[in-house]
Structure formats: structure tokens, C-alpha cells
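Each chain, written out:
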Amino acid sequence: MAHDEDDEQQTQDLRAAAAPGTTPAAVPGTTSAADRADRRDQAVRAAVEQGVVGPAAPVVGLLDIAGIRASAAALRAAFEAATPPGTPVLHAFAVKATPLVPVLRLLRAAGIGAEVASPGELALARAAGVTPADTVLDSPAKSPAELRQALALGIAVNADNPQELARLDALVQSAPTASPVGLRVNPQIGGGSIGALSTATATSKFGVPLLDEGARQWVIQAFLDRPWLTRLHAHSGSQGMPLEMMVRGVSATYELAEEVNERAGRRQIDTIDIGGGLPVNFGSDEESPTHAQYARRLKARVPGLLDGRYGLVTEFGRSLLAKHGTLLARVEYAKKAGGRPVAVTHAGVQVATRTVYAPLSWPLRITAYDTKGRPKTGPAVGQDVAGPACFAGDLLAENRPLPLLEQGDHIAALDTGAYYFAQHYSYNSLVRPGIYGFALHGDEVRFAAAREPQTLDEIVAESGGGSERDALRYL
Ligand SMILES: *Cc1c(COP(=O)(O)O)cnc(C)c1O
């Protein structure tokens, strides 16, 4: 508990520094791009010196704790500055972005809740001590048991479709619940630059498609028939959605809430959940766009949403964590093929799945460090940065201009705090690497494991090596 109080205090200090009226970038020494890059270089150096990364642990994930705290504080400050005092705002971190209990706990201490979309994610949020009041359950495929559990716990639930709403009808009638219940709609505003992450296309699998024939009327009637249905939810996409499109999605959702309330003759919808999806700049250390820019844009374009009449829920994931993660790997071998230098590292498809399988949609910045973890200098040479997996496409970067990497050097893949090393893919039975938070205390960099590296025994056990060992032989 004492530790949590420290966290609370630190958060309050940050929030005081980021009071409404100042920009989040004014939080001293924590959020500027140059500070973040500096801290990263210090952490890489210390990770090599302290053996956090080394021959026995050739790939690790690093998380910048000061950066995460600063982003959490800046997110809260952004919406506090845009709403009247006392407006209920829940920032529910999308757990899928970085599904680690210590990260959820850190965020909880910074006043951030959890958006969960599976029984596993709910279990992580509960293990982190996130309260039901600070938890939101979304998912397009909730089972009856999941719905029952959520309603019993009093967790907010967003229904995805008419069939789910029918299940909720029965559950709400059979037992009282403290859960706020909402409906997810798809404003069908179109897709962003990454199809797989665009959730508001005409044919998206998520929510009730608002522009389909009769759908809007159905939604309005659904609310009029159910006084306990009090929230409206939309999440229009993740990464690749321009800010303007996100604003359009939120605006359409707000207009619908206004129409429902007008038809109901009362403020039946009291809370609007605007989802997450703020895009992250993977091209430089600059945080752009910021949560504050998004909040200001919403304030200008959808003022009624933020005038205090509605409670708000947000579900940011990537934009809170991505820039605070660094994937660090040793160069095991440096070779040449067809005239091109190839650095073979231990960071590949298992920790950067999206980049390896869809390199054009998910390019990552790579920085080079020498054997001691110091930034590597020298003329840039086009080279491949390869992973350990046994297929040719396992590359973090192709023909990337970098100082020529040598055996024993290190590479860092930047902005990987969300949807990368915390989402292991078990190809080649590669172990899940350790993930370490770091913080500077004066000149000293201290590390703490947020997730210990997986052991080989654990891999064997998870791969049917326990009581299932002989299961197939005697079938
Ligand atoms: C994935 C997801 C989020 C988080 O998206 P980010 O792009 O990480 O901010 C929020 N809400 C829902 C419903 C999601 O599926």
C-alpha cells in the first residue's frame, strides 16, 4: 500500500504541474521528446552494464515508467481542461495494448481504469486491483457466462449487437445489477490507412451499423424500450485513422445520443464512451497528435459532448504506452548475403509480429548501439535487421540505413510499448522475453521486472508436456 501512496503522490505532483491551462508538454522533465530519447539511451546503456540484456538474455522489453506516468497525467489533464469541473470522466486503458498486471497497477495509481475485451483481460484488470467502477467490458463475442459475471461484478458493459442486447434483457430482469449498460454503434464513417484496424467501415464486424437501412430507428427504439440502457459507445479505429475522422465518428455518436434523449424526453443516455484509437507517430520521438490536441479538437467540433451534460469514457491504448516501450536485442551474428549486410538478432516475429507480417503498415524506427550499449556512430549502411525465427520474412527492417552493425552490438526497436513485446507470438517456441520497467534515480538507472522471462520448463508445460504427454499414444 505504501508503494501505491507514493504513486498517488507522484501523480498528484504531475497533475499539479499539468494543471488546466498549461500544455502537458510543460510537465517538467518528463514528456518532451528529447527527454524521452535521453532516458532511453541511458536505460539501454544501463541495461547492458547491469546485464539486464546480455548473452543469456539476448532480447528484452524496456518500459519508461516516468514516461508512462507523464502520459497518464497528460491524458487526464487534457480532458479536465476541456470539461467543466466535476464532469465524470473515466479513462479506461485498453488492456490489449499492454496486458501486464504491473502496468495496469501503475496506471491505476495514476487514476486510469481498464477497458477489457476477454475473460483473460478482465482477470488481469482484477489482479491489478482495478475496481469494477473503473472497468469497461467491450468485445464482439461475449459469452453468456462473461455477461453474467460482468453484471454480477457491476462492470460497465457495452452491448455489441441486437442478439447481445436480448441476452442482457434476460439477465437484467433476472437479477439486479450495478452495471451501467451501453450499446456500441458503428458510425460507418469509413476506414483509415490500415484496413485491419479500421472499425468504422460500412461492413465492420463491430457494433450496430448506424447507416444501414432501419438501424438508426432500431437503436432509438432499443433505448426507448430499455430505461436501463444509459450509454452509447463507439470506437472508430486504431492507428491509421486521421484525427478528423475520429472526430467525425465521435460527433455522429453524440448526435445520436442527443436524438435518443430528445425522443425519451429525459437524459436517458448519461455517458458517452468515445473509444480510443488516437494514432501514434512512429516516425520520430515527437508525440503527435497529443491527447490534449484531440480533446481541444473535440471541444471545438462537438462542444455539447464536453459541456458537462454527459459523463465520458475513453479507451486509449496505444497512445498511452507505445512511446514508452523499447525492444532491445543483441546482435548475435553479423553477416553478408548477396552483398547486403544482415544483422541477425533475437528480436523478430515473436515480439514484433505486426511489423514482420505487415512491414509496410507497421514500420519501426531502429537505433543502433555498440557492445557497451552506447549509441553507435559511423556512416549509414543499408542493412537488414533480422530476427531469430526460421522463415525468411522474419525481418524487423529491410535495407535500413544504420551504422554497420557488428557481432555483440545492440539494436533497439522504438515505440514498442503497446502491441509489441507484451503480445508474444510463440513461433519457433521462442521464449517470452523479460519485460523491465526502468526509472532514473539521479544518474542511476534502476530496473524492475514487470514480467520475468519465460522458462523452458514453462514452454514444455504449455506445449502439452505435463499430464497430456502420453495423451495421443493411447487414444
Ligand atoms: C483496441 C481498442 C481500443 C484501443 O485502441 P488504441 O488504438 O490502442 O487506442 C479501444 N476500444 C476498443 C473497443 C478497442 O477494440
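Quick caveat, the model's predicted, so the values are computed rather than measured.

Criteria and cut-off values
- Residues numbered from 1 in each chain as written.
- Predicted model: local features only at pLDDT ≥ 70, side-chain atom pairs only at ≥ 80, totals over all residues.
- Heavy atoms only, no water.
- Helix = DSSP H or I, 4+ residues; strand = E, 2+ residues; numbered from the N terminus.
- Rg over C-alpha atoms; globule rule 2.2 N^0.38 Å.
- Buried < 20%, exposed > 50% of the residue type's maximum accessible area, 1.4 Å probe, protein only.
- Contact = heavy atoms within 4.5 Å.
- Areas by Shrake-Rupley, 256 points an atom, 1.4 Å probe, with all protein chains shown as cover.
- Lys, Arg positive; Asp, Glu negative; His and termini not counted.
- Charge placed at Lys NZ, Arg CZ, Asp CG, Glu CD.
- pLDDT = per-residue confidence, 0-100.
- Near = heavy atom within 4 Å.
- Polar contact = N/O pair within 3.5 Å; in protein donor to acceptor, adjacent residues only side chain to side chain.
- 1 Å grid on protein atoms, 1.4 Å probe; cavity = no way out; pocket = protein on both sides within 12 Å on 5 of 7 lines; lining within 4 Å.
- Sits in = over half its atoms within 2 Å of the grid points.
- Nonpolar A, V, L, I, M, F, W, Y, C, P; charged D, E, K, R; others polar.
- Points joined across faces, edges and corners; volume = space filled by probe spheres on them.

A. Spatial organisation of the overall build of the protein chain. Helix and strand content of the protein chain: 13 helices and 18 strands. Relative to the compact-globule value of 23 Å for 475 residues, the protein chain shows a C-alpha radius of gyration of 23 Å, a close match. Once the C-alpha set of the protein chain is aligned to its principal axes, its extents read approximately 70 × 70 × 50 Å. Of all 475 residues assigned to the protein chain, the portion counted as buried reaches 54%. Look at the contacts in the protein chain between residues 6 or more apart in sequence, and 70% of them connect residues 24 or more apart. By element, 54% of the accessible surface of the protein chain is carried by carbon and sulfur atoms, the whole surface being about 20,000 Å². Averaging the locations of the 45 positively and 51 negatively charged side chains of the protein chain gives two centres separated by 2 Å.

B. How the structure looks around the confidence of the model for the protein chain. On average, residues of the protein chain score 92 in pLDDT, and 93% of them reach the 70 mark or higher. Counted against residues more than four places away or in other chains, residues 1–29, with its pLDDT under 50, gives 27 contacts.

C. Spotlight on the site of the ligand. Around the ligand, 14 residues are found, and the nearest of them are K96, S238, G277, E315 and Y419. Within the side chain of S238, an N or O atom sits 2.8 Å from an oxygen atom of the ligand. The contact in question runs from an oxygen atom of the ligand to an N or O atom on the backbone of G317, over 2.9 Å. Contact with the protein chains hides 94% of the accessible area of the ligand, taken as 390 Å² for the molecule alone. Most atoms of the ligand, that is more than half of them, are within 2 Å of grid points of the second largest pocket. Looking at side-chain class alone, the shell around the ligand contains 3 nonpolar, 5 polar and 6 charged residues.

D. Structural view of empty space enclosed by the protein. Applying the stated criterion to the full structure yields 3 cavities of 30 Å³ or more. Here the largest cavity defines a volume of roughly 70 Å³. Considering the residues around the largest cavity, the lining is formed by L278, P279, V280, N281, E286, E287, S288, P289, T290, H291, S319 and K323.

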